[in-house]
Amino acid sequence: MKKRIFAALLSGIMVMGMSGSSMTALAEENNSEQVVLRWFTKVENDAEAGQWKELADDVTDLYPNIKVEFEYTDWNGYWTKLPVDLASGDAPDIVYMHAMRAKDYLGDSFLNLQPYIEADQDIDIDDFYGGILDAYRVNGDVYGLPYDFGPYIIYYNKDLFDKHGVEYPTSSMTWDEFLEKCRALTGDGDYGFATLPNIDNLYPQLLCEGAEITDADGNLNIDTEAAADAIQKISDLINVEKVAAPITDSGNTVWHLEAFQAGNIGMVIDGPWTATRVKEYCDFNAGVCTMYKSEKQMTTINGSGFAITKDTKHPEEAYKALKYITGAAAQKKLAEWGRALTSRASVREPYYEANDYIDGLKTAVEDSCEEGFGIPYYPTKNFQEVYSIINQNLAGVMMDGVPASDVVGIIQSMGDAVIQSAQ
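Numbering of residues starts from 1 in each chain and follows the order in which that chain's sequence is written. Predicted model: local features are reported for residues with pLDDT of at least 70 only, side-chain atom pairs are reported and counted for 80 or more only, and whole-chain, interface and lining totals are derived from all residues. Processing note: side-chain calculations cover all non-hydrogen atoms of the structure and skip hydrogens and water entirely.

So, the overall build of the protein
Line of reasoning, step 1. Under the DSSP-based scheme used, a helix requires at least four consecutive residues in state H or I and a strand at least two consecutive residues in state E, with every element numbered from the N terminus. Broken down by element type, the protein carries 19 helices and 12 strands.
Line of reasoning, step 2. For the radius of gyration, the atoms used are the C-alpha atoms, and the globule rule reads 2.2 Å times the number of residues raised to 0.38. In terms of overall size, the protein behaves like a compact globule, its C-alpha atoms giving a radius of gyration of 22 Å where 423 residues would be expected to give roughly 22 Å.
Line of reasoning, step 3. Judged by the C-alpha coordinates and their principal axes, the protein covers about 70 × 50 × 35 Å.
Line of reasoning, step 4. Only protein chains enter the accessibility calculation, which uses a 1.4 Å probe; a residue whose area is less than 20% of its type maximum is buried, one above 50% is exposed, and one in between is partly exposed. Out of the 423 residues in the protein, the part that is buried amounts to 55%.
Line of reasoning, step 5. Contact criterion: two residues are considered in contact whenever any of their non-hydrogen atoms come within 4.5 Å of each other. Long-range contacts, defined as pairs at least 24 residues apart, comprise 76% of the intrachain contacts of the protein with a sequence gap of at least 6.
Line of reasoning, step 6. Working definition of accessibility: Shrake-Rupley area with a 1.4 Å probe, residue cover restricted to the visible protein chains. Element-wise, carbon and sulfur atoms account for 47% of the exposed surface of the protein, whose accessible area totals about 17,000 Å².

See below:
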């Protein structure tokens, strides 16, 4: 299972197919002075870092006059460093941008790509999944390009289910069945479930309990009985039922995945991008199903992309690099590595083909994207600050046993103040 699929960029074939004028332009480009671009993103493991580094090197293979210096940090570090870099006057040329956080940056920090797109007959903007591309638009203009999207789904360890004689979860699983499986899997150092005090991972469960805490207008609505009950229900898996693993590192946004890959966790909730972790680090057979059904059966759809900072000294070269790393050839590699359910429809099938060893993946993803099942993960204004407020308070509930009813009002009050400061 542990193998990496590295598809070579067919640059020789591309050159052979060029017209005489294109060949001349390429020759002139090759003879020009090399431009160095800085590309800054977030990375969660060595396998992922190697994959992005390969794409950076591909840019130079395609455009010898462009060198891409790859820089990265982890998720939490990224959102601390990015605002500092943007304010410093020495920002990277290309940066990662999560769809949920894009609106807080687009108009002020990033280059308007619309003129480049309109002048580029080769980009095929309609190939991108519109639900995520729209997160990078301001007044109809595009300020970033997505590379992935996807719904949150349930990954499960088939070998652990076999060990305990428990039937695999299915997409018709109810909350009661989910809880019974967690109980049956727990014991002998094993747990039925692992999660985080992180709203990204918890929100699908809140939706299933009828608690939609953000809306399309950017409002926060967490101070409700439904939200408090849903958060408490998840916390009780750890602190009352004791069928979910105790959280030992609230600041680690992939703690639940690291626990899962160790082999003693039955189920976790995450997105299609986690397939690369399963491929690289999990020494067991895995399967996937949709979210369970409780009051409702729903999930969130999220995604990521890249943008060019507005003060880049090399906008033309940065656009070429961005166009490649979000283009079909690069996204096909990401699909084959299991890193991304690609934002481009034309190369989405290789993702499913490369990850067909994960039982049920394609069906679960496509069912979760159906209208009424998967919904956009709506951001508030100043979402990163609101996000931190939510997670800090959730840590008290899930790790220290603080009643959820005691914190939802605090989150609402603090979150509203942050949102209003952005008006």
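After presenting the structure, the write-up continues.
As for the pairing of strand β3 (residues 94–98)
Line of reasoning, step 1. Burial of β3 is extensive: five of the five residues sit out of reach of the surface.
Line of reasoning, step 2. Taking every second residue as pointing to the same face, both faces of β3 are buried, with Ile94, Tyr96 and His98 on one and Val95 and Met97 on the other.
Line of reasoning, step 3. Alignment of strand β1 (residues 35–42) against β3, held across two bridges, turns out to be parallel. Counterpart to Trp39 in the pairing with β3 is Ile94.
Line of reasoning, step 4. Of the pairings in the sheet, the one linking β3 to strand β11 (residues 299–308) comprises five bridges and is antiparallel in character. Of the residues in β11, the one forming a bridge with Val95 is Ala307. Any two strands are treated as partners once DSSP identifies two or more bridges connecting them.

A short note on the pairing of strand β7 (residues 153–157)
Line of reasoning, step 1. Along β7, five of the five residues are buried, which leaves the element largely enclosed by surrounding structure.
Line of reasoning, step 2. Relative to strand β9 (residues 265–270), β7 runs antiparallel, the two being bridged by four bridges. Each residue of the ladder has a partner; that of Ile153, found in β9, is Asp270.
Line of reasoning, step 3. As judged from the four bridges shared by β7 and strand β10 (residues 286–289), these two strands associate in the antiparallel manner. Considered in β10, the bridge of Asn157 is made with Ala286.

Quick notes on the pattern of salt bridges
Line of reasoning, step 1. Salt bridge, as applied in this entry: a Lys or Arg side-chain nitrogen positioned within 4 Å of an Asp or Glu carboxyl oxygen. Within this structure, the stated rule accounts for 19 salt bridges.
Line of reasoning, step 2. Put simply, Lys362 and Glu349 hold a salt bridge, and the shortest N to O gap is 3.1 Å. In this pair, Lys362 sits in helix α17 (residues 361–368) while Glu349 sits in helix α16 (residues 349–354), placing the two residues 13 residues apart along the sequence.
Line of reasoning, step 3. The partly exposed category is assigned to Lys362, whose relative accessible area is 33%.
Line of reasoning, step 4. The exposure class assigned to Glu349 is partly exposed, which follows from its relative accessible area of 36%.
Line of reasoning, step 5. A network of salt bridges, in which partner residues are shared, links Arg38, Glu71 and Asp90.

Side note on the sheet that holds β10
Line of reasoning, step 1. The mixed open sheet is built from four strands, whose spatial order is β8-β9-β7-β10. Looking along the sheet, the strands with just one partner apiece sit at the ends: β8 (191–193) and β10. The mean inter-strand angle of the sheet, taken between neighbouring strand axes irrespective of direction, is 20°. To obtain an axis, a line is fitted to C-alpha atoms, over the contacting stretch when the element is a helix, and the angle between two such axes runs from 0 to 180 degrees between their N-to-C directions.

Quick notes on the nonpolar core
Line of reasoning, step 1. One finds Trp39, Ile199 and Leu206 to be the most contacted residues of the largest nonpolar core, which totals 140 residues.
Line of reasoning, step 2. Considering every element that reaches this core, the biggest residue donor is helix α18 (residues 383–400), with eight residues. For our purposes a nonpolar core is just a set of buried Ala, Val, Leu, Ile, Met, Phe, Trp, Tyr and Cys residues, chained together by side-chain atoms within 4.5 Å.

Notes on helix α15 (residues 328–337)
Line of reasoning, step 1. When you tally the buried positions in α15, you get seven out of 10 residues, the bulk of the element.
Line of reasoning, step 2. Looking at the packing, one finds that the buried side of α15 touches α3 (46–62), β6 (145–151), α13 (275–281), α14 (315–325) and α16.
Line of reasoning, step 3. Looking one or two residues past α15, Gly338 carries a phi angle of roughly 85°, positive in sign.

Some words on the packing of helix α10 (residues 199–208) against helix α11 (residues 225–239)
Line of reasoning, step 1. At a closest axis distance of 9 Å, the pairing of α10 and α11 adopts a crossing angle of 120°. Classified by chirality, the crossing of α11 by α10 is right-handed. In this structure, α10 uses Leu202, Gln205 and Leu206 to contact α11, whose residues at the interface are Ala230, Ile231 and Ile234.
Line of reasoning, step 2. For this classification, Asp, Glu, Lys and Arg are treated as charged, while Ala, Val, Leu, Ile, Met, Phe, Trp, Tyr, Cys and Pro are nonpolar and the rest, including Gly, are polar. The residue makeup of the contact of α10 with α11, split by class, is five nonpolar, one polar and no charged. Here is the rule for handedness: rotate from the far helix to the near one, and if that takes an anticlockwise turn smaller than a right angle the crossing is left-handed, while a clockwise turn gives right-handed.

Here's the deal with the packing of aromatic side chains
Line of reasoning, step 1. Aromatic pairing here means that ring centres of Phe, Tyr or Trp (its six-membered ring) are within 6.5 Å. Orientation follows from the plane angle: under 30 degrees is stacked, over 60 is edge-to-face, and everything else is tilted. Under the definition given, this model contains 31 aromatic pairs.
Line of reasoning, step 2. Taking the centre distance of 5.4 Å and the plane angle of 85° together, the rings of Trp52 and Phe306 count as edge-to-face. Pair noted here: Trp52 is in helix α3 and Phe306 is in strand β11, with a separation of 254 residues, a long-range link.
Line of reasoning, step 3. Their ring planes at 75° and their centres at 5.5 Å tell us that Tyr351 and Tyr352 sit as a pair that is edge-to-face. Of the two residues, Tyr351 and Tyr352, neither departs from the other in class, the shared state being buried.
Line of reasoning, step 4. Only lysine NZ and arginine CZ atoms are considered, and such an atom sits over a ring when it is within 6 Å of the ring centre and within 35 degrees of the ring normal. Directly above the aromatic system of Trp79 lies the positively charged group of Arg101, at a separation of 5.2 Å from the ring centroid.
Line of reasoning, step 5. If you follow Arg101 out to its NZ or CZ, it ends over the ring of Tyr387, 4.3 Å from the centre.

A look at the side chain of Asp93
Line of reasoning, step 1. Inspection of the secondary structure puts Asp93 in the loop between α4 (75–88) and β3.
Line of reasoning, step 2. For the purpose of counting charges, residues Lys and Arg are taken to be positive, whereas Asp and Glu are taken to be negative. His and the chain ends are not included. Look at Asp93: it is buried, it has no salt bridge, and the nearest opposite charge is Arg38 at 5.9 Å.
Line of reasoning, step 3. For Asp93, the side chain forms a polar contact with the main-chain nitrogen of Arg38, separated by 2.8 Å.
Line of reasoning, step 4. Whenever two N or O atoms come within 3.5 Å, that pair is a polar contact, provided that in protein one can donate a hydrogen and the other can accept it, and provided that, for residues adjacent in sequence, both atoms are side-chain atoms. Here Thr312 takes part through its side chain, which lies 2.6 Å from a polar atom of the side chain of Asp93.
Line of reasoning, step 5. Here Asp93 is in contact with Val36, Leu37, Arg38, Ala307, Ile308, Thr309, Thr312 and Lys313, once residues within four sequence places are set aside.

A word on the confidence of the model for the protein
Line of reasoning, step 1. Values of pLDDT, the confidence the predictor places in each residue, fall between 0 and 100. This prediction gives the protein a mean pLDDT of 91; 92% of its residues lie at or above 70.
Line of reasoning, step 2. In the model, residues 1–29 has pLDDT below 50 throughout and makes 36 contacts with residues more than four positions away in sequence or in other chains.

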